[in-house]
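Descriptive analysis of the structure
The primary structure of each chain is shown beneath.
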Amino acid sequence: MTTTELPEKLHEIVEDFRAVPDPERLELLLEFSEELPALPERYSGHQDQMEQVVECQTPLFLAVELENPTPDAGPTPESIVRLFVSAPPEAPTSRGFASVLSQSLNGLPAAEVLAVPEDLSTRLGLQKALTPLRLRGMSAMLGRIKRNIADQLSG
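Remember, predicted model here, so these are calculated numbers, not experimental data.

Moving on, we come to the UniProt feature "domain: Fe-S metabolism associated" (unreviewed entry) in the chain. The UniProt entry lists residues 15–147 under the feature "domain: Fe-S metabolism associated" (unreviewed entry), expressed in the numbering used here. In residues 15–147, the share of helix is 42% and the share of strand is 12%. The end C-alpha atoms are 26 Å apart.

Structure (structure tokens):
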């Protein structure tokens, strides 16, 4: 399994996870949970303006915005993705994966985010550290982000 087709920042994160032994991958994920960026004021306390990822065991909400290269034009594959995620501190694994996504996908063109492989949690080597239900929630997070981008591009 190669990581060459991943965006640069995501490739670096995957390599960081793959460089540590299985038991330490969960610890690395928990470190990421502490680095989830705070929500901007327009979303802070306004989860009703965000989309809930119902497949996650904990209440996790996200918002995806596309910044258009030309202000008057609609979204394009070159539009820059802005990702905002609300995950409770008492859900460190979900929060950690949200942080991985936020740190690696935020600021990329929409087309690059849409090309991220669906098996990201496997590439991170988390299948031994987390339950299948948690892994499903992580896959759902990435799927929701990609679906949201696709909807905005077609919209």
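Further remarks concern the pattern of salt bridges. The final tally for this structure, using the stated rule, is eleven salt bridges. Notably, a salt bridge pairs Glu 5 with Arg 123, separated by 2.7 Å at the nearest N-O pair. Remark: Arg 123 occurs in helix α5 (residues 120–123) and Glu 5 occurs in the segment before α1 (8–19); sequence separation between them is 118 residues. Residue classification places Glu 5 among the partly exposed positions, given a relative accessible area of 42%. Owing to a relative accessible area of 8%, Arg 123 belongs among the buried residues under this scheme. Residue Glu 55 pairs with Arg 144 through a salt bridge whose shortest N-O separation is 3.1 Å. With Glu 55 in the loop between β1 (51–52) and β2 (61–67) and Arg 144 in helix α6 (residues 132–154), this residue pair connects regions lying 89 residues apart in the sequence. Residue Glu 55 is classed as partly exposed on the basis of its relative accessible area, which comes to 23%. Exposure remark for Arg 144: the relative accessible area of 13% places this residue in the buried category.

Where a strand is regular, its side chains alternate between the two sheet faces. Within β2, five of the seven residues are buried, which leaves it mostly tucked inside the rest of the structure. The pairing of β2 with strand β3 (residues 80–86) spans seven bridges and is antiparallel. Each residue of the ladder has a partner; that of Phe 61, found in β3, is Ser 86.

With that settled, consider the nonpolar core. Phe 17, Leu 101, Leu 124 and Met 141 are the most contacted members of the largest nonpolar core, which totals 39 residues. Every element with two or more residues in this core is listed here: α1, α2 (22–33), β2, β3, α3 (92–105), α4 (110–114) and α6. Per element, the largest residue contribution to this core is seven residues, and it comes from α6. When sequence neighbours within four positions are dropped, the list of residues in contact with Met 141 reads Val 53, Cys 56, Leu 60, Leu 62, Ser 94, Phe 97, Ala 98 and Leu 101.

About the criteria used
- Residues numbered from 1 in each chain as written.
- Predicted model: local features only at pLDDT ≥ 70, side-chain atom pairs only at ≥ 80, totals over all residues.
- Heavy atoms only, no water.
- UniProt positions renumbered as here; feature names shortened; annotations may be inferred.
- Helix = DSSP H or I, 4+ residues; strand = E, 2+ residues; numbered from the N terminus.
- Salt bridge = Lys/Arg side-chain N within 4 Å of Asp/Glu carboxyl O.
- Buried < 20%, exposed > 50% of the residue type's maximum accessible area, 1.4 Å probe, protein only.
- Pairing = 2+ DSSP bridges.
- Core = buried A, V, L, I, M, F, W, Y, C linked by side-chain atoms within 4.5 Å.
- Contact = heavy atoms within 4.5 Å.

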